[in-house]
Amino acid sequence: MKLVNFILFISISVLLTSCYSFTGGSLPEHLKTIYIPAVIDKSGYGNPVYKDNLHQYVIDNMNRDGSLKVTNTKGDSEVSVTIESITESSVSINQNELETERKITVSLAILFVDNINKKTLVEKKISNYGIYPIAQAQSGRDEAVDLALKQAAEDIMFAIVSGW
């Protein structure tokens, strides 16, 4: 009987632990909606697809999280995202001193505002990167940027819902 009680206790403990969620914990209760305007690209990198993809990834992450309802017009809150820079650097060189991989870093600025109380809730810089084989040229570069943008969109969502 003691073994059954112990197993039951452990099972309930594991179940209750897995129910915990930190998302939405620090959002003010009066915020129900969020407006996400188009991403601004100040990087000078020259590919408009990057800002459009990031915009969609941020919308998708916010919809998936569900803490705030995404609106097409001004909401209770708003998050502005700016691509500040996209830079590349060498990551690895082979024994013949030829570059084999490059790292592409995307740096963003985000501003999350409470439109009801006219208050900035989060103002933050975010940086993410992707690595690609130099042999993949433009397609590898695009995949590395896309990976960095997807991670950045998750970071933006976490910054909003957890307030870090």
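Residues numbered from 1 in each chain as written. Predicted model: local features only at pLDDT ≥ 70, side-chain atom pairs only at ≥ 80, totals over all residues. Heavy atoms only, no water.

**Observations concerning the confidence of the model for the protein**
Confidence in the prediction for the protein averages 84 pLDDT; 84% of positions are at 70 or higher. Note on residues 3-24: pLDDT under 50 across the span, and eight contacts to partners over four residues away in sequence or across chains. (pLDDT = per-residue confidence, 0-100. Contact = heavy atoms within 4.5 Å.)

**Brief notes about the side chain of Arg102**
Looking at the secondary structure, you find Arg102 in strand E5 (residues 99-114). Overall, the relative accessible area of 19% leaves Arg102 in the buried class. Only 3.1 Å separates the side chain of Arg102 from the side chain of Glu88, close enough to count as a polar contact. When sequence neighbours within four positions are dropped, the list of residues in contact with Arg102 reads Glu88, Ser89, Ser90, Val91, Gly130, Ile131, Tyr132 and Ile134. (Helix = DSSP H or I, 4+ residues; strand = E, 2+ residues; numbered from the N terminus. Buried < 20%, exposed > 50% of the residue type's maximum accessible area, 1.4 Å probe, protein only. Polar contact = N/O pair within 3.5 Å; in protein donor to acceptor, adjacent residues only side chain to side chain.)

**Considerations on the pattern of salt bridges**
A complete count under the given rule lists six salt bridges for this structure. A salt bridge links Arg102 to Glu88; its shortest N-O distance comes to 3.1 Å. Of this pair, Arg102 sits in strand E5 while Glu88 sits in strand E4 (residues 77-93), and the two are 14 residues apart along the sequence. Among the salt bridges present, the one from Glu99 reaches Arg102, with a minimum N-O distance of 2.5 Å. Taken together, the shared-partner salt bridges in this structure form one network comprising Glu88, Glu99, Arg102 and Arg141. (Salt bridge = Lys/Arg side-chain N within 4 Å of Asp/Glu carboxyl O.)

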